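Examination of the molecular architecture
This is what each chain is made of:
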Number of protein chains: 2
Amino acid sequence: MQLKLAKTASEIKASAVREILKLTQHDDVISFAGGLPAEEFFPAGDLQKAFERVFQQGNKVLQYGLTEGHPPLRDDIRQRLIKKDINVNVEDVLLTTGSQQAIDLLAKVYLEPGDVVLTENPTYLAALQAFKYYSVNIVAVESDSQGMIPEDLLAKIKQYQPKLAYVTPTFANPTGIVWSEERRLALLDACAHHDVLILEDDPYGDIKFHQDETYPSLFTLGKQAGFHGVIYTSTFSKTVVPALRIGWVCGHRQIVQAMTRAKQATDLHSSSIDQQALHSLINHFDLDGHIQNIAAEYRRRMQHMMRLLAALPSHQVHFVEPKGGMFLWLELPAEIDADVLLQSAVKAGVAFVPGTEFYAGNPRRNTLRLNFSHTNAQRMTVGMNRLNDAITSFLKSDAVI
Amino acid sequence: MQLKLAKTASEIKASAVREILKLTQHDDVISFAGGLPAEEFFPAGDLQKAFERVFQQGNKVLQYGLTEGHPPLRDDIRQRLIKKDINVNVEDVLLTTGSQQAIDLLAKVYLEPGDVVLTENPTYLAALQAFKYYSVNIVAVESDSQGMIPEDLLAKIKQYQPKLAYVTPTFANPTGIVWSEERRLALLDACAHHDVLILEDDPYGDIKFHQDETYPSLFTLGKQAGFHGVIYTSTFSKTVVPALRIGWVCGHRQIVQAMTRAKQATDLHSSSIDQQALHSLINHFDLDGHIQNIAAEYRRRMQHMMRLLAALPSHQVHFVEPKGGMFLWLELPAEIDADVLLQSAVKAGVAFVPGTEFYAGNPRRNTLRLNFSHTNAQRMTVGMNRLNDAITSFLKSDAVI
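Anyway, here's the lowdown on the structure attached to this text. Worth saying up front: this structure is predicted, and the values here are computed from it rather than measured. (Residues numbered from 1 in each chain as written. Chains lettered and ligands numbered in written order. Predicted model: local features only at pLDDT ≥ 70, side-chain atom pairs only at ≥ 80, totals over all residues. Heavy atoms only, no water.)

Considering the interface of chain B and chain A
Across the boundary between the two partners, chain B contributes 82 residues, which contact 81 residues of chain A. With a shortest N-O distance of 2.5 Å, Asp 104 of chain B and Lys 108 of chain A are connected by a salt bridge. Between chain B and chain A we count 42 residue pairs in polar contact (both at pLDDT 80 or more) in total. For the side of chain B that touches chain A, the secondary structure elements donating two or more residues are helix H1 (7–11), helix H2 (16–22), helix H3 (44–55), helix H5 (98–110), helix H6 (125–132), helix H10 (253–267) and helix H11 (272–282) of chain B. (Contact = heavy atoms within 4.5 Å. Salt bridge = Lys/Arg side-chain N within 4 Å of Asp/Glu carboxyl O. Polar contact = N/O pair within 3.5 Å; in protein donor to acceptor, adjacent residues only side chain to side chain. Helix = DSSP H or I, 4+ residues; strand = E, 2+ residues; numbered from the N terminus.)

Considerations on the environment of Glu 213 of chain A
Residues and elements named next belong to chain A. Relative to the assigned elements, Glu 213 resides in the loop between strand E8 (197–201) and helix H9 (218–224). Expressed as a C-alpha distance, the spacing of Glu 213 and Leu 197, which sit 16 residues apart in the sequence, is 27 Å. Not counting residues up to four positions away in its chain, the partners in contact with Glu 213 are Lys 208 and Lys 323. Within polar-contact distance, the side chain of Glu 213 engages the side chain of Tyr 215 at 2.9 Å. Among the polar contacts listed, one links the side chain of Glu 213 to the side chain of Lys 323, at a separation of 3.4 Å.

A few points about the packing of H3 of chain B against H11 of chain B
Residues and elements named next belong to chain B. Relative orientation of the contacting elements H3 and H11 amounts to 115°, with a least axis distance of 8 Å. Regarding the angle of H3 to H11, the classification is roughly perpendicular. Crossing hand, H3 versus H11: right-handed. Contacts between H3 and H11 involve Asp 46, Leu 47, Ala 50, Phe 51, Arg 53, Val 54 and Phe 55 from the first element and Ile 273, Asp 274, Gln 276, Ala 277, Ser 280 and Leu 281 from the second. Looking at the contact of H3 with H11 residue by residue, the class counts come to 8 nonpolar, 2 polar and 3 charged. (Axes fitted to C-alpha atoms, helices over the stretch in contact; angles between N-to-C directions. Parallel < 35°, antiparallel > 145°, perpendicular 65-115°, else oblique. Left-handed = near helix turned anticlockwise from the far one by under 90°. Nonpolar A, V, L, I, M, F, W, Y, C, P; charged D, E, K, R; others polar.)

A word on the relation of the copies chain B and chain A
Superposing chain B onto chain A takes a rotation of 180° combined with a translation of 0.0 Å along the rotation axis, leaving an RMSD of 0.0 Å. Both copies are brought into coincidence by an operation consistent with a two-fold rotation axis. Proximity to the rotation axis, assessed at the C-alpha, singles out Ser 271 of chain B in chain B; its C-alpha lies 3.4 Å from the axis. When the interface residues of chain B are mapped onto chain A, 99% of them are again interface residues, pointing to one common binding face. (Least-squares fit on C-alpha atoms with pLDDT ≥ 70 in both.)

So, empty space enclosed by the protein
Counted according to the given criterion, the structure contains 4 cavities of 30 Å³ or more. The calculated volume of the largest cavity comes to roughly 90 Å³. Counted by class, the lining of the largest cavity contains 3 nonpolar, 7 polar and 3 charged residues. (1 Å grid on protein atoms, 1.4 Å probe; cavity = no way out; pocket = protein on both sides within 12 Å on 5 of 7 lines; lining within 4 Å. Points joined across faces, edges and corners; volume = space filled by probe spheres on them.)

A look at the sheet that holds strand E13 (residues 353–354) of chain B
Residue and element names in this part refer to chain B. With antiparallel pairing, the 3 strands of this open sheet are ordered in space as E11-E14-E13. Looking at which strands have only one partner, the edges of the open sheet turn out to be strand E11 (327–331) and E13. Where E13 meets strand E14 (residues 367–371), 2 bridges bridge the pair, whose relative direction is antiparallel. Across the sheet, the residue bridging to Val 353 is Arg 369, located in E14. The strands touched by helix H12 (residues 287–310) are E11 and E14; relative to E11, the strand with the most contacts, the crossing angle is about 15°. (Pairing = 2+ DSSP bridges.)

Remarks on the pattern of salt bridges
Inspection of every chain in the model, using the stated rule, returns 40 salt bridges over all chains. The salt bridge involving Lys 83 of chain A is made with Asp 288 of chain A; its shortest N-O contact spans 2.6 Å. In this pair, Lys 83 of chain A is assigned in the loop between helix H4 (71–82) and strand E2 (93–97) and Asp 288 of chain A in helix H12 (residues 287–310), connecting sequence segments 205 residues apart. Lys 83 of chain A gets classed as exposed once you look at its relative accessible area, which sits at 59%. The residue Arg 301 of chain B makes a salt bridge to Glu 40 of chain B at a minimum N-O spacing of 2.6 Å. Of this pair, Arg 301 of chain B sits in helix H12 while Glu 40 of chain B is found in the loop between strand E1 (30–31) and H3, placing the two residues 261 residues apart along the sequence. On the basis of relative accessibility, which here comes to 4%, the residue Arg 301 of chain B falls in the buried class. You can call Glu 40 of chain B partly exposed: its relative accessible area is 43%. Put simply, Glu 40, Glu 297, Arg 300 and Arg 301 of chain A are held in one network by salt bridges that share partners. (Buried < 20%, exposed > 50% of the residue type's maximum accessible area, 1.4 Å probe, protein only.)

Here we look at H10 of chain B
Residue and element names in this part refer to chain B. The end-to-end C-alpha distance of H10, which contains 15 residues, comes to 21 Å, matching closely the 21 Å that a straight helix rising 1.5 Å per residue would cover. The buried count for H10 comes to 11 of 15 residues, which makes it a mostly enclosed element. When H10 is considered as a whole, its buried residues turn out to be Ile 255, Val 256, Ala 258, Met 259, Thr 260, Ala 262, Lys 263, Gln 264, Ala 265, Thr 266 and Asp 267. Of the residues flanking the end of H10, it is Leu 268, one or two places downstream, whose phi is positive at about 65°. (Expected span 1.5 Å × (residues − 1).)

Thoughts on the environment of Leu 187 of chain A
Counting through the fold element by element, Leu 187 of chain A comes out in helix H8 (residues 181–193). Sequence separation between Leu 187 of chain A and Pro 150 of chain A is 37 residues; the distance between their C-alpha atoms is 7.1 Å.

Take a look at the structure:
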């Protein structure tokens, strides 16, 4: 049998970095690679009780559900979004298998082969992967610590006539940055004038380190300006637990309905027992208090990581202090290629994700992403010392560019 | 904002039938429409205990999982498949969100726009929907109660050079038929000679009414003949519960690995807590005994439905007695259009799926699908009487063709 994989699928190989990182999934490697929340804070006991309550409702809870998702959970989400100034109808909320599926479904219903998608540079690597399956052209817009740079954005809109802009404006993955309001408005203005749909990916927005600061969503700012072309997606993977794989997407009804039909053809619906359990949890548990607790803990871990980085003056690493989220983006001395560094780092017992993975355009090879949420202070100290050793040996070696 | 949905998505509308059937989801309509297993036999108590055991293992069970799925469950599946003479390595088993996702992922990695997919006629309607998103041409092969008709199959292979054949050879949806071994071998032979990949969809194979009969899988017959181009998919939705949405796909490593990479880009992974609970259930529960029990009950319900059909001689309905599965396929007198009949049937308090939904080629408009697994004998009697009344009124009305 001669196999003939589709062109896109045959071009997408297992990433070399991913293969290396597979080797790091045992306890003797301290990994800052995965985008993992801290297990020790999972509300496991409360979630278990939530499942028990669902089972008490009788066998019907185990039947097929709606493609749109469990209606009471969709209404919980609608209510929670009001606190963020995001006002949607429950009909315009679709539950997905993580927010990753929202990216895939939007691509499925909105993009044709050859269409152009604008992204930040760097951006979330699995969004790049999702888009690649639709044979679109991904064009990276130059970005700094405030967001996409408007001049480059406008130039690229004019040059490429993109159909979609994919952005993570609040505590971005991988950079951890927050877009300024000015840059948010500039993006909205440019997209409104050129009919570019925006996908606002907000998995980390709730994990904020300064409770008094607010970061208005593109969705809300757009609505205020009369622009309804922002599709908003988020997830409970970082705030409750990842295992349930419950994300959601909301926005323009025509788009969300098209995504719902596509989801029906894709997997009928996501786990409905998990959706019912999450609904029960939300209504018997102080989720907002829980989120504040984990945000406070992640902030302490981030501060600990920054102190450890500051103690390594010889390496002249640069980073922008994150205001939330789970990642710290490191710029190493220009002569270090983080892809090469990873190999010696793993041998030294520490792992990270090299920056190259996150670039659609020309990568800056001396960058890397560190996750600070998953590792406690004690292990973090050991891990960062190993990273220091790896960088020090690397700088003395032949591998320096 | 001017929206520009992708061509495929804009062509796929909500089905009119589906909209009618939405009206039937309250208790005063007796629905034979949905492909629903009987709730009263769900192993809810055992599943609840399985969840409890998983939670007892600590918080780690709630972390992100592998795209491939929970390894012990993949191994359970491997072991269970041996009993069906299907021998695969655990590495070649991918867990999916229902077998629906297996269809979607295979299309994603194997089909290009314009490629031809062969299907039975009629066939599973949600497979047709899944394929449509990939802009492929679906070509229906003439089929009878033994499977695809070899002459038409060969003619269509020569005419269209298809890349994939999608079939449900055991207790097909919607027709309930079982392919004869001769037809299975004929399909394998034709596909082997013309490099056509086969997707064998087997959601109902375990729900068999004659325990002594065996129906060899295309996968196994193919392997015996040296043909490795059969991808096999099935699900626990009918044998355990649908809410978990746990299906799987296995077969040629290169294809399964490509599907795994595509799944990573699509949704990272399916609910891992559900996968762990199912693994625990399988190892603490007599699943095979349970499957025999529900198959016996579904057989009784099918027999009851057949008796009710036989009591309506005036309507001259035809059907082939199913040897398993959940559906009975009805051929009405030629002058009845089942799409039109549905509207009066719903008013009379009974629902079904008109046959037109299942045809990729020219539909036979006087056909319909009845589900017999979900409705107990008492309600079934009431529902079938209503259907009888609806048909009788219909034949007297102007709606007759």
